[in-house]
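Listed here are the chains, written in short residue letters.
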Amino acid sequence: MPDKAKITLDGKTYEYPVIVGTEGEKAIDISALRAETGYITLDNGYGNTGSCQSAITFIDGDKGILRYRGIPIEELAEKSFFIETAYLLMYGELPNSQDFDTFSERLNKSSLIHEEMMNIFAGYPKGAHPMAVLTSVVASLAAFYPVKDNLDPADEEVIIANLMSQIRTIAAVSYKKSIGEPVVYPSNKLKFVENFLNMMFASPVKDYQLDPDVVKALDMFFLLSADHEQNCSTSTVRMAGSSLANIYAVIGAGISALWGKLHGGANQEVIEMLEQIRDTRTSPAAFVDAIKNNKGKLMGFGHRVYKNFDPRAKIIKGLCHSLLKKPGLNDPMFDIALKLEEIALKDDYFLSRKLYPNVDFYSGLILKAAGFPVNMFTVLFAIGRVPGWLAHWREMRHDKNTRINRPRQVYQGPTQRAYVPIEKRK
Ligand code: ACO
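What you are looking at is a predicted structure, and each value in this text was computed from that prediction instead of being measured.

Student: How should unusual backbone geometry be read in this particular structure?
Tutor: With the exception of glycine, the majority of residues adopt a negative phi angle, and the majority of peptide bonds are in the trans configuration. With phi around 50°, Arg281 is a residue other than glycine that occupies positive phi space. If you trace the backbone, Arg281 turns up in the loop between helix H12 (266–279) and helix H13 (284–293). Among the residues examined, Arg281 registers a relative accessible area of 78% and is labelled exposed. For Lys354, which is not a glycine, the phi torsion comes out positive at approximately 55°. As for its placement among the helices and strands, Lys354 is situated in the loop between helix H16 (348–352) and helix H17 (359–369). On the basis of relative accessible area, Lys354 is assigned to the partly exposed category, the value being 42%.

Here it is in structure tokens:
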């Protein structure tokens, strides 16, 4: 493999370093291109642009491989659990038992939000989308926790524990407020996922009966959501964080990016699509045909990087098979989803475009079975994604090559023209 790439422009040849990643990914470092040649690169949607070098998550989209810090996602899903995997993502290694206990203790200690924040929730209209509330309340943490420019490791620990722990409390409080029930406070007696389920579904008049299968399914969902390298929301976190903005506001920006239906908002869209098929009694085959004819999107299908199965979708599909077998949790929409997948994966439209189910295709069914309302699904994705966002923010801050992120553009607007006074305008 050459260690330099040659680019010939206007009759002159320039050489740029080739960077090779530990998994053999190749990149041309064009950071000196504009200064030397006057050219920039143009890459709509950043499909071919590496924005950083990272040691957190590896994806091979052609082979359907996903690894966190080198460990295959399938192995983590089988043997690990969310909080341990979150630690792995943020600190690079699995914790020993002492580190794990210290980390859990820190999460417990940070779980209460400032009581004055309760006033913020009171200001939202009834029916506000929980993602609108989450984005702004998480960003509001910046008002309670000013962050200095030069953070020492202890400051970083506080930030990590606050965000991981309090996003869960904020999500549960916003749900309770939206249904007009009293808030249930976190409890140090409960583990991370149990604590969240209890805050969501317990009430002063009724205890919440924890079902270990539901706890496991939600834990697995969080684990599978925990990171996915330079996706839209993580790139947003890196972009906003590169200006040294307050990290709580930065995570608020990441949550906003996640909300879109082409990204984390797809899990809500998938369930709404399945409900529409169920309620209108449309056959899955006719639905897929309509998608093709109208050039619409089969929600939960397709991915910028995976051109083969999304490994997270395989795991979640397996989880659906086991969880939805439980008495009371069976959901006919799972059969609709299976049928849609079967039809799409035999159809040349989807095969030729390499469109396979992504993580969101089956995840909504798990969350629905766990008792969550559909509009909370993307909130749950955000809770799971916090460790990934923090891992990238932390990596970026410690990378000596980090500069403020500032892409260029090719200007296509009017060339210079004179200002016309209002009385002379047509
Ligand atoms: N259903 C039908 N056709 C699709 C789908 C889909 N879900 N996704 C892509 N296509 C088609 C496009 O129309 C396009 O067709 P064309 O070549 O005839 O114009 C072709 O496949 C390529 O698609 P792009 O949109 O260019 O792919 P891109 O990489 O830009 O987008 C994305 C990826 C946003 C995920 C897209 O596949 C999509 O919109 N999927 C549905 C939404 C979804 O499930 N999002 C969740 C992604 S996972 C996550 O973020 C957690």
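The discussion continues.
Student: Looking at this model, I keep getting lost on the environment of His263. Mind explaining?
Tutor: Mapped onto the fold, His263 is located in the loop between helix H11 (247–259) and H12. Residues His263 and Met1, spaced 262 residues apart in sequence, show a C-alpha to C-alpha distance of 35 Å. Setting aside chain neighbours within four positions, we find His263 in contact with Asn231, Cys232, Ser233, Ala257, Leu258, Asp360 and Arg385.

Student: Whenever I open this one, the domain arrangement of the protein confuses me. Can you help?
Tutor: Bring the parts together and some accessible area is lost; that lost area is often taken as the interface size. Domains assigned within the protein are domain 1 (4–65), domain 2 (81–259) and domain 3 (266–369). Each of domain 2 and domain 3 has a C-alpha centre, and these two points are 28 Å apart. With 10 residues of domain 2 at the contact, the number on the domain 3 side is 13 residues. Summed over both partners, the interface of domain 2 with domain 3 comes to about 1,100 Å²; 72% of that surface belongs to carbon and sulfur atoms. It is Phe221, Leu224 and His228 that lose the most area in domain 2 upon contact with domain 3, and together they represent 52% of the buried surface on that side. At the boundary of domain 2 and domain 3, one finds two salt bridges.

Parameters and conventions
- Residues numbered from 1 in each chain as written.
- Predicted model: local features only at pLDDT ≥ 70, side-chain atom pairs only at ≥ 80, totals over all residues.
- Heavy atoms only, no water.
- Helix = DSSP H or I, 4+ residues; strand = E, 2+ residues; numbered from the N terminus.
- Buried < 20%, exposed > 50% of the residue type's maximum accessible area, 1.4 Å probe, protein only.
- Contact = heavy atoms within 4.5 Å.
- Domains from an automatic or database assignment.
- Buried area = accessible area lost by both parts, 1.4 Å probe.
- Salt bridge = Lys/Arg side-chain N within 4 Å of Asp/Glu carboxyl O.

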